Amino acid sequence: MTAFMFCMVTHILPSYLQLAMASAMLSAPHNSPIPEIAAEEWPAMQLALHSVAIQWQILDPREMRYVLARQDDLDNDLNLL
């Protein structure tokens, strides 16, 4: 594995901090304030949110294309879940 491929893989995988943040966001009360997520961090954060939501069985894997798909809809999607 080249260094470039390693950087690409580790950049996309969510960190422990992102997984903890996803857990906190998914378990927060409705209409709780949502922290700002930088555009370059969104793919990893999205993966963390999907992973935790599927693990907790509050999101069906078939719904991944529609729920938590866009950063603009994050507030509504978190309230939905």
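Quick caveat: nothing in here was measured; it's all calculated off a predicted structure.

Examining the overall build of the protein
Then, in step 1: Secondary structure assignment for the protein yields 4 helices and 0 strands.
Then, in step 2: Each helix and strand of the protein, ordered N terminal to C terminal, gives the series α-α-α-α.
Then, in step 3: Expressed as a percentage of its 81 residues, the buried residues of the protein come to 26%.
Then, in step 4: Put simply, 59% of the contacts in the protein that link residues at least 6 apart link residues at least 24 apart.
Then, in step 5: Accessible surface, the protein: about 5,800 Å² in total, of which carbon and sulfur atoms supply 61%.

Considerations on the environment of P35
Then, in step 1: Within the fold, P35 resides in the loop between helix 2 (16-27) and helix 3 (42-55).
Then, in step 2: In this structure, the C-alpha to C-alpha distance between P35 and M25, residues 10 residues apart in sequence, is 8.8 Å.
Then, in step 3: Sequence-distant contacts of P35, that is, excluding residues within four places in its chain, are made with M21 and M25.

Procedures and definitions
- Residues numbered from 1 in each chain as written.
- Predicted model: local features only at pLDDT ≥ 70, side-chain atom pairs only at ≥ 80, totals over all residues.
- Heavy atoms only, no water.
- Helix = DSSP H or I, 4+ residues; strand = E, 2+ residues; numbered from the N terminus.
- Buried < 20%, exposed > 50% of the residue type's maximum accessible area, 1.4 Å probe, protein only.
- Contact = heavy atoms within 4.5 Å.
- Areas by Shrake-Rupley, 256 points an atom, 1.4 Å probe, with all protein chains shown as cover.

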